[in-house]
Structure formats: structure tokens, C-alpha cells
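Residue-level structural notes
Here's the letter readout for the chains.
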Amino acid sequence: MIDGMMMRLLYPTLLAVLLFLGGCSDEIELHGKLSENDANEVIAELANKNIEATKRSDKEGVSVVLSASDINRAVRVLGAAGLPRRARTNLGEIFKKEGVISTPLEERARYIYALSQELESTLSQIDGVIVARVHVVLPERVAPGEPVQPASAAVFIKHAASLDPDVVLPRIRRMVSSSIPGMASAFANTEKLSVVFVDAMAYREQEVLAHVGPFLIPESRLGALKGWAIAFTVVTLLVALGLVLWLCPNFRRRLLARAALNSPENSISPIGERGA
């Protein structure tokens, strides 16, 4: 009867601790199908904010995996840093030979798209640029007899606080105007070439609350709480065992007798007794 009472006392406590510890160690995939370089950039940025993440490779690419408790912070950190970077297509990939004859309209659309992608990729290499988007309009005659519509472009730059727009603006205008056909003279023309800079919202550490049963506690204290839960469980089990041994002398005597029977002194009989 005492053994059954002990088991009924111990099982709920152990089960609660195991569920708590198991819930704290769940892992979740943050991003998948990344290149090796993109995955390294993501992990490096997370490591700068003390968020531990690992890589997993498969046939479709590289995945970044981290603890489920860090998902909230990780999303905000990568959003502020503009990671992972948007995949872009270059001219060679867009105009690769596939044995299909394209119409002039399709060729023009593909060329505009490829030109925008190339410019975005180049602008993204500038230190401090988080997101770069370029919209290109090539010279086009709308209808026969109508004048040709001049080329134009619009550039959107989302940048970090370390970038000074006044310093890079002339370089961006010069590069874009010299890269698009029909825009060589549009360097100083704000109607044909517009550049918009937007400050990126810097990441700010916030106290994130996590659910532990019916309670909400800061995520930063989950580790300490887990340690206290283990210590409390061990102490509770020891106190329960001590109470049972103190209040139940019969159980204590049986336990001591069982321990005496299992001791090494009783497990090996003397040689003389064996012979007898």
C-alpha cells in the first residue's frame, strides 16, 4: 500500500517536470531553401543578438533551425537586417536558351525585368543598404506617329542608420542613369530619375513574455525557472521520501531489510558453507 502511495505521489510531479523540460527544447525551422551564403548571414546576424541557430542541409537547400522560444526575437532581428536577402535573377538566367521562340513583347518584358534585377543586385552591395528596388521604363512609342516616351527609372533604398543618403545619392544616380538605355542625360533630372531613401527601423530588444501554464513570464527567465523547477522537484521527492520513512516504520524496516539482502556481503557465501 505504501509503495502504491509513493508511486501516486511521484508520477504527477515527474510528468509535469518532463513536460516542462520537453516544451523548452522544441526546435522550429526559421527559413528554408536558402543558399549556403544566405544561411551563414542569417546565423551570423542571430549570433550577434545572442540567438543560437543551426543549419540543416537537404536536397532543396539549407534550413536555419532554432529554439521555438527564440522565434519571436529572431523574426524581428532578421526583419531589421533585411535577411535573408531576396533571390534575384541575372541576365544570363533570364535569357537562357530553352528552345521556345518569344514574342517581341515578351523579350522586352524580360529585358526590363533583368535590367532591374541587375541594378538591384549592384545597389545591394553598398554598405548600409538593406533593401534596394529599381523600376525601369524603357523608351517606347505608344502609337504610330506619336513621339517616343523617354526612359525613366525609380529607385527605392531602405538603409541602415550608418548610411548617409547625401553621400551615396550622386553615385546611385550616376550608376543608374548610365546603366539604362536612353537615360545618359537624366543624371540631374529628378522627373526621369527619382531616388527615395527610407530609414530602416533598428532592432530594439523587447521583453517577450512566454506562457508557462497559466502564467506569463519573461523569456529571459525561462532558463532560471527550469533550474528552479528541477531543484524543487528533487527537494520535494526527498522530503516525501523522508516523511514516508519517518511516518511508516514498517516500510522503513522492510526497506532496510531489502537493502541488507542485496548487499555484497550477503550475495557471496563463504566457501565452507558452499561445500557443506
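The present account deals with the structure reproduced in this document. Predicted model, so just to flag it, every value in this text is computed and none were measured.

How each quantity is defined
Residues numbered from 1 in each chain as written. Predicted model: local features only at pLDDT ≥ 70, side-chain atom pairs only at ≥ 80, totals over all residues. Heavy atoms only, no water. Helix = DSSP H or I, 4+ residues; strand = E, 2+ residues; numbered from the N terminus. Buried < 20%, exposed > 50% of the residue type's maximum accessible area, 1.4 Å probe, protein only. Contact = heavy atoms within 4.5 Å. Areas by Shrake-Rupley, 256 points an atom, 1.4 Å probe, with all protein chains shown as cover. Axes fitted to C-alpha atoms, helices over the stretch in contact; angles between N-to-C directions. Parallel < 35°, antiparallel > 145°, perpendicular 65-115°, else oblique. Left-handed = near helix turned anticlockwise from the far one by under 90°. Core = buried A, V, L, I, M, F, W, Y, C linked by side-chain atoms within 4.5 Å. Patch = residues over 30% accessible without salt bridge, like charges linked within 9 Å, V, L, I, M, F, W, Y side chains within 5 Å. Salt bridge = Lys/Arg side-chain N within 4 Å of Asp/Glu carboxyl O. Pairing = 2+ DSSP bridges. Expected span 1.5 Å × (residues − 1).

1. Some points on the overall build of the protein chain
Across its full length, the protein chain carries 10 helices and 10 strands. For the protein chain, with 276 residues in total, the buried portion stands at 28%. Expressed as a percentage of contacts within the protein chain between residues at least 6 apart in sequence, the contacts between residues at least 24 apart total 60%. Surface summary for the protein chain: the accessible area is close to 18,600 Å², and the carbon and sulfur share equals 60%.

2. Quick notes on the packing of helix α2 (residues 36-48) against helix α3 (residues 71-81)
It is the contact of α2 with α3, at a shortest axis distance of 10 Å, that shows an interaxial angle of 115°. When the axis of α2 is compared with that of α3, the two are roughly perpendicular. The interaxial crossing formed by α2 with α3 has right-handed handedness. Along its contact with α2, which presents Val42, Glu45 and Leu46, the element α3 presents Ala74, Val77, Leu78 and Ala81.

3. Describing the environment of leucine 30
Structurally, leucine 30 can be placed in strand β1 (residues 27-34). The spatial distance from the C-alpha of leucine 30 to the C-alpha of valine 64 is 5.6 Å, given a sequence separation of 34 residues. Here leucine 30 is in contact with Leu46, Val64, Leu66, Ile71, Ala74, Val75 and Leu78, once residues within four sequence places are set aside.

4. Here's the deal with the nonpolar core
Counting residues in each nonpolar core, the largest one holds 21 residues, and the members touching the most others are Val155, Ile172 and Ile180. Contributing elements (two or more residues each) for this core: α5 (104-123), β4 (129-137), β7 (152-159), α6 (165-179) and β8 (193-199). Counting residues in hydrophobic clusters, the runner-up holds 17 residues, among them Leu30, Ile43, Leu46 and Tyr203.

5. Description of a nonpolar patch on the surface
On the surface, Val235, Val239, Leu243, Trp246 and Leu247 cluster together to form a nonpolar patch covering roughly 550 Å² of accessible area. You can see leucine 243 is positioned in helix α7 (residues 222-247).

6. A closer look at the sheet that holds β7
Here we have three strands laid out as an open sheet, ordered β4-β7-β8, and mixed in their pairing. If you trace the sheet from one side to the other, it starts and ends with β4 and β8, each paired once. On average, each strand axis in the sheet is inclined to that of its neighbour by 10°, with strand direction left out of account. Across the sheet, α5 is in contact with β4 and β7; its angle to β4 comes to roughly 155°. Those strands touched by α6 are β7 and β8, and its axis lies near 145° from that of β8.

7. Topic: α5
A rise of 1.5 Å per residue sets the reference length of α5, with its 20 residues, at 28 Å; its end C-alpha atoms lie 29 Å apart and thus fit the reference within 8%. If you check which residues of α5 are buried, you get Ala114, Leu115, Ser116, Gln117, Leu119, Glu120 and Leu123.

8. As for the packing of α5 against α6
Running from N to C, α5 and α6 point in directions that differ by 155°, and their axes come no closer than 11 Å. Looking at the two axes, α5 sits roughly antiparallel to α6. Two packed elements cross with a definite hand, and for α5 against α6 that hand is right-handed. Residue-level inspection shows Leu115, Leu119, Thr122 and Leu123 of α5 in contact with α6, the latter providing Ile172, Met175 and Ser179.

9. As for the pattern of salt bridges
Inspection of the entire model under this criterion finds seven salt bridges. Residues glutamate 60 and lysine 33 are paired through a salt bridge, measuring 3.9 Å at the closest nitrogen-oxygen approach. Of this pair, glutamate 60 sits in the loop between β2 (53-58) and β3 (61-67) while lysine 33 sits in strand β1, placing them 27 residues apart in sequence. Both residues of the pair, glutamate 60 and lysine 33, belong to the exposed class. A salt bridge links arginine 133 to glutamate 120, with the shortest nitrogen-to-oxygen separation between them at 3.3 Å. Within this pair, whereas arginine 133 is found in strand β4, its partner glutamate 120 is found in helix α5, the two being separated by 13 residues in sequence. For arginine 133, a relative accessible area of 33% puts it in the partly exposed group. In this structure glutamate 120 comes out as buried when scored by relative accessible area, which is 2%.

10. Considerations on the sheet that holds β3
Remark on secondary structure: sheet strands pair via backbone hydrogen bonds, oriented parallel or antiparallel. Sheet architecture is open: three strands sit in the order β1-β3-β2, paired in antiparallel fashion. If you trace the sheet from one side to the other, it starts and ends with β1 and β2, each paired once. Within this sheet the neighbouring strands show an average axis-to-axis angle of 25°, counted without direction. Bridge count for β1 against β3 is five bridges, and the pairing is antiparallel. By the bridge assignment for β3, glutamate 29 is matched with valine 65. Seen against the sheet, α2 touches β1, β2 and β3 and runs at an angle of roughly 165° to β2.

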